[in-house]
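If you want the building blocks of each chain, they are given just below.
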Amino acid sequence: MSQTTATGERRRTLGGVLREHLSDLVSQLAAAGALIAVFVFLSIASPNFLTADNLFNVGTQTAVTAVIAIGMTLVIITAGIDLSVGSVAALSGVMGVMMMVDLGLPVLVAILGGTLVGALCGLVNGLLISVAGLNPFIATLGMLSVARGLVYIVSDAQAVFGTPDSFRLLGQGVLAGGIPIPVVVILVVAVAGYVVLSRTKLGRYAYAIGSNMEAARLSGIPIRRYLTAVYVISGALAGFGGMIASSRVASGQPNFGMGLELDVIAAAVIGGASLFGGQGTVVGTLIGAFLIALIRNGAVLLDVNIFYQQVIIGVVIWLAVMWDQYRRRRLAAASE
Amino acid sequence: MCWRRILVLLVAAVAALALAACAEVREQGGGQQGGGEGRQGPIELAVVPKAVGFDFWETVRQGAVCAARRAEGEVDVQWDGVAQETDVTGQVNLLQNFITQGVDGLVYAATDAKVLHDVTQQALDQGITVVNIDSGTDPQPENVPVFATDNVAAAERATEYLVEQLGEDGGKVAFIPFQPGTATNDTRTEGFKNVLKENPQVKLVAEQSSESNYNRALQVTEDILTAHPDLDAIYAANEPGVLGAAEAVRSAGKAGEIIIVGWDTAPDELKAVREGVVSALIAQNPFRMGYDGVNAAVKMIRTGEQVEGGDTGAILVTRENIDDPEVQRVLNPSCKNPPVEGQ
């Protein structure tokens, strides 16, 4: 806890800025190290792991978590949290599918429509936080319940089947060379996320708001507007992730995404995002998302008892964050 | 979840206040039950599935509503359920809410046999008639009938079919359970493994849970196919598992090569049977569970007599028999021609 204030004060010096960048790099290295270790272990332990088919599978399986986690990273950087992403993904996924099945809208329009539903949920989150002044935890906890309720209402709690075949492309399609479309989607969203975070006002302000909200306000950043925008982006990506998930199973599943928020937050945190705000990168989050997907994939390949898989993922979260904090503390000590 | 609990508590509190006045009357009404004296007038029943959001439970609802409509006198069915079959606490709260409301009868499927026994007892103590459908409690009180599928027997039949299809040489089979530790999951596992034990030529090479989630089932099956490229068969213990397995096998280009046998009969599962991707489905009779459950509750409340529970039956749906009228009556039940006995 005391670290955050220390970080806030240090920020103003040039050395502080340098250390910030260094510590981001270090936490990415820690997560990347774990990723490589798991990768090497699985390559040795399972003869079927290191095949193009399997690696593409892992990529496809990561897509939903990774896409949503990139939005979550942006939120966490502002010292916020979005607990509603799983429910919002389900609502968007089901409504997007209903747009094509019941309204007969073209697939692309429906995918966009589903994403917009997510953005709308994000807008409500953002307004509740920035205008009504609710704590992000509470605002999005409410949305977790509201969106889940809405998805049951619109679908009458029934899965929606009957999507056009072309809809399968988003989650199941393959480009020349065997590269799955979901993997391309991850790359596109990641590059966009990277550009937003490092090259736009929104990105810089997000770091500023998360590092020190008061200082950001005093320096004239229109906090309400940017904070709202951050939740809209998170909601839109949750919506888009929901469409990918729907495409994977060619249907809208009202039960989708329960507990997904935990995987998504874990991906960001493993990748070095700090829940205290001001820290987090797209690359780190991607590493975190892949690490979780690899562990799940490996657990099935090695037929690990299902009960242990949850334990393993929890322990990895602990280790990643402990390692991260240890490195940060050493870095801070070294600079004093 | 937390939110939902608060909401339930609030509603329960309001209901408790509103009903405080008639609480005495209710107790009197319930007290008559053991004496064999029936009760006339409108009956209010709460029907609670394990979870909402699956075809199976929707069909239970149809059966329950149909029975209520056909019953003599006024029978009102309130249908409500939690979002996830794993949300045991949520179901406990929901049922307690209905008990506080003072419904006449509780027809429900227990998400956890041991935990829910206390709730059944609580309802019985207040003179509320209780009937279990699909899943009972442990222990099962003598005056609470259960209308459910004999899961072990049905799983054995399906696995025997799978073994038959594999032929004398046997092969490698993967198993997709959905929620280890629950009665339904474990009885379906038991029947499956009983038959495997008698047939050592069929080898179980992977066992991975779908967590009752279509997307998860898809991923798990993809990974199993990666680990065992020579897999011969899959046994999936419920709807999301079958759908996920079918989708994974289809996109691996192995449709028809891998035998899939599983539970439940969602529209896309049946489509997969017609396409030959899925070899056989175990069709339970959820309509009859809801129907028999509500009928039993009404009879017990009206006459005060005890009703015996029973096996609601299961059939094996294959490409060959899918259009038989007997099979269709179970698959597409209607209140005009309900798939129940004595019609």
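Named according to an unreviewed UniProt entry, chain A is Inner-membrane translocator originating from Rubrobacter xylanophilus. Heading Subcellular location (unreviewed entry) of the UniProt record for chain A holds this comment: "Cell membrane".

### Points about the overall build of chain A
If you tally the helices and strands in chain A, you get 14 helices and zero strands. What you see in chain A, going N to C, is helices and strands ordered as α-α-α-α-α-α-α-α-α-α-α-α-α-α. On C-alpha atoms alone, chain A measures out to a radius of gyration of 20 Å, which is about the 20 Å that the 2.2 N^0.38 rule sets for 336 residues. Its C-alpha atoms give chain A principal-axis dimensions of roughly 60 × 50 × 35 Å.

### Some remarks on the overall build of chain B
Looking only at helices and strands, chain B has 12 helices and 12 strands in total. For chain B, long-range pairs separated by at least 24 residues make up 76% of all intrachain contacts whose partners lie at least 6 apart in sequence.

### Here's the deal with the sheet that holds strand 12 (residues 314-318) of chain B
Residue and element names in this part refer to chain B. Taken in spatial order, the six strands make up an open sheet running 7-6-8-9-10-12, and their pairing is mixed. On the outer flanks of this sheet lie strand 7 (202-207) and strand 12, each paired with one strand and no other. Strand-to-strand, the axes of this sheet are offset by a mean angle of 20°, without reference to chain direction. Where strand 10 (residues 280-284) lies against strand 12, five bridges are found, and the strand directions are antiparallel.

### Describing the environment of N199(B)
By the element assignment, N199(B) lies in the loop between helix 7 (183-198) and strand 7. Separated by 146 residues in the primary sequence, N199(B) and G53(B) place their C-alpha atoms 37 Å from one another.

### Quick notes on the interface of chain B and chain A
On the chain A side, the residues contacting the 29 residues of chain B number 29 residues. When residues of the side of chain B that touches chain A are traced back to their parent elements, those giving at least two are helix 1 (2-19), helix 3 (55-70), strand 7, helix 8 (214-227), helix 9 (239-251) and helix 10 (267-275) of chain B. Among the elements that take part in the side of chain B that touches chain A, helix 8 of chain B stands out by supplying 10 residues, more than any other. Class assignment of the residues belonging to the side of chain B that touches chain A gives a composition of 12 nonpolar, nine polar and eight charged.

### Notes on the UniProt feature "transmembrane region" (unreviewed entry) in chain A
The UniProt feature table records "transmembrane region" (unreviewed entry) at residues 29-50, 62-83, 103-124, 136-154, 174-197, 226-245, 265-294 and 306-323 of chain A. As annotated, residues 136-154 of chain A has a helix share of 100% and a strand share of 0%, and its two end C-alpha atoms lie 26 Å apart.

### Structural notes on helix 3 of chain B
Residues and elements named next belong to chain B. The first and last C-alpha atoms of helix 3 sit 23 Å apart over 16 residues, in line with the 22 Å expected at 1.5 Å per residue. Inspection of helix 3 places F56, W57, T59, V60, R61, G63, A64, C66, A67 and A68 among the buried residues, and these make up the whole buried set. Close packing links the buried residues of helix 3 with strand 1 (43-48), strand 2 (75-79), strand 3 (105-108), strand 4 (129-133), helix 9 and helix 11 (286-303).

### So, helix 5 (residues 113-125) of chain B
Residue and element names in this part refer to chain B. The end-to-end C-alpha separation of helix 5 is 18 Å, in line with the 18 Å expected for 13 residues at 1.5 Å each. Turning to helix 5, its buried residues are L116, V119, T120 and A123. All buried residues of helix 5 fall inside an arc of 105° around its axis, so they share one side. Across from the buried face of helix 5, at angles greater than 90 degrees, the exposed residues are K114, D118 and D125.

### Looking at the sheet that holds strand 2 of chain B
Residues and elements named next belong to chain B. Spatially, 2-1-3-4-5-11 is the arrangement adopted by the six strands of the open sheet, whose pairing is parallel. Two strands bound the open sheet, and with one partner strand each, they are strand 2 and strand 11 (310-311). As paired strands, strand 4 and strand 5 (residues 146-148) are joined by two bridges and run parallel to one another. Counterpart to N132 in the pairing with strand 5 is V146. Docked against the sheet, helix 3 engages strand 1, strand 2, strand 3 and strand 4, running at close to 165° with respect to strand 2.

### Overview of the nonpolar core
Counting residues in hydrophobic clusters, the biggest one holds 150 residues, and the most contacted among them are V67(A), I68(A), L91(A), I234(B), A245(B) and I260(B). Apart from the residues within four sequence positions on either side, A245(B) is in contact with I176(B), A217(B), T221(B), I234(B), A236(B), I260(B) and G262(B). F54(B), L95(B), F98(B) and M300(B) belong to the second-largest nonpolar core, a separate cluster that totals 51 residues.

### A few points about the domain arrangement of chain B
Residues and elements named next belong to chain B. Here the domain parsing of chain B yields domain 1 (22-147 + 286-304) and domain 2 (151-284). A straight line from the C-alpha centre of domain 1 to that of domain 2 covers 33 Å. Each side of the interface is counted separately: domain 1 has eight residues, and domain 2 has eight residues. Within the side of domain 1 that touches domain 2, the residues separate by chemical class into four nonpolar, two polar and two charged.

### Structural notes on the packing of helix 9 (residues 201-211) of chain A against helix 11 (residues 223-248) of chain A
Residues and elements named next belong to chain A. Look at helix 9 against helix 11: their axes get within 10 Å of each other, and the N-to-C directions meet at 105°. Viewed along their axes, helix 9 and helix 11 adopt a mutual orientation that is roughly perpendicular. Taking contact as the criterion, the partners of L202, Y205, A206 and I209 in helix 9 are, on helix 11, I223, Y226, L227, A229 and V230. A breakdown of the residues in the contact of helix 9 with helix 11 according to their chemical character gives nine nonpolar, no polar and no charged.

### A look at the pairing of strand 8 (residues 233-236) of chain B
All names here are of chain B. A two-sided burial pattern is seen for strand 8, the buried positions comprising A233 and Y235 on one face and I234 and A236 on the other. With four bridges connecting them, strand 6 (residues 171-176) and strand 8 associate as parallel partners. By the bridge assignment for strand 8, A174 is matched with I234. For the crossover that starts at strand 8, traverses helix 9 and ends in the parallel strand 9 (residues 259-263), the hand is right-handed.

### Some thoughts on the confidence of the model for chain A
All names here are of chain A. The predicted model of chain A averages 89 in pLDDT, with 91% of residues at 70 or higher. Highest mean pLDDT in chain A belongs to helix 5 (residues 107-130) (98); lowest belongs to helix 1 (residues 2-10) (44). Overall, residues 1-12 carries pLDDT values under 50, and its contacts beyond four positions in sequence, including any with other chains, amount to eight contacts.

### With respect to the confidence of the model for chain B
Residue and element names in this part refer to chain B. The predicted model of chain B averages 88 in pLDDT, with 88% of residues at 70 or higher. Looking over chain B, one finds the lowest element-wise mean pLDDT in helix 2 (residues 23-31), namely 37, and the highest in strand 8, namely 98. Across residues 19-36 the pLDDT falls below 50, and counting only partners more than four positions away or on other chains, this stretch makes 19 contacts in the model. Confidence estimates for the predicted assembly give a pTM of 0.77 and an ipTM of 0.77.

### As for unusual backbone geometry
Residues and elements named next belong to chain B. Backbone torsion omega between D138 and P139 reads 0°, so that peptide bond is classified as cis. Structurally, P139 can be placed in the loop between strand 4 and strand 5. Here S212, not a glycine, exhibits a phi torsion of approximately 55°, which is positive. Relative to the elements of secondary structure, S212 occurs in the loop between strand 7 and helix 8. Even without being glycine, D264 reaches a positive phi, approximately 75°. Relative to the helices and strands, D264 resides in the loop between strand 9 and helix 10.

Procedures and definitions
- Residues numbered from 1 in each chain as written.
- Chains lettered and ligands numbered in written order.
- Predicted model: local features only at pLDDT ≥ 70, side-chain atom pairs only at ≥ 80, totals over all residues.
- UniProt positions renumbered as here; feature names shortened; annotations may be inferred.
- Helix = DSSP H or I, 4+ residues; strand = E, 2+ residues; numbered from the N terminus.
- Rg over C-alpha atoms; globule rule 2.2 N^0.38 Å.
- Contact = placed C-beta atoms within 7 Å.
- Pairing = 2+ DSSP bridges.
- Axes fitted to C-alpha atoms, helices over the stretch in contact; angles between N-to-C directions.
- Nonpolar A, V, L, I, M, F, W, Y, C, P; charged D, E, K, R; others polar.
- Expected span 1.5 Å × (residues − 1).
- Buried ≥ 20, exposed ≤ 12 C-beta atoms within 10 Å, placed from the backbone.
- Arc of directions from axis to C-beta.
- Core = buried A, V, L, I, M, F, W, Y, C linked by C-beta atoms within 7 Å.
- Domains from an automatic or database assignment.
- Parallel < 35°, antiparallel > 145°, perpendicular 65-115°, else oblique.
- Right-handed = clockwise from strand over helix to strand, strands pointing away.
- pLDDT = per-residue confidence, 0-100.

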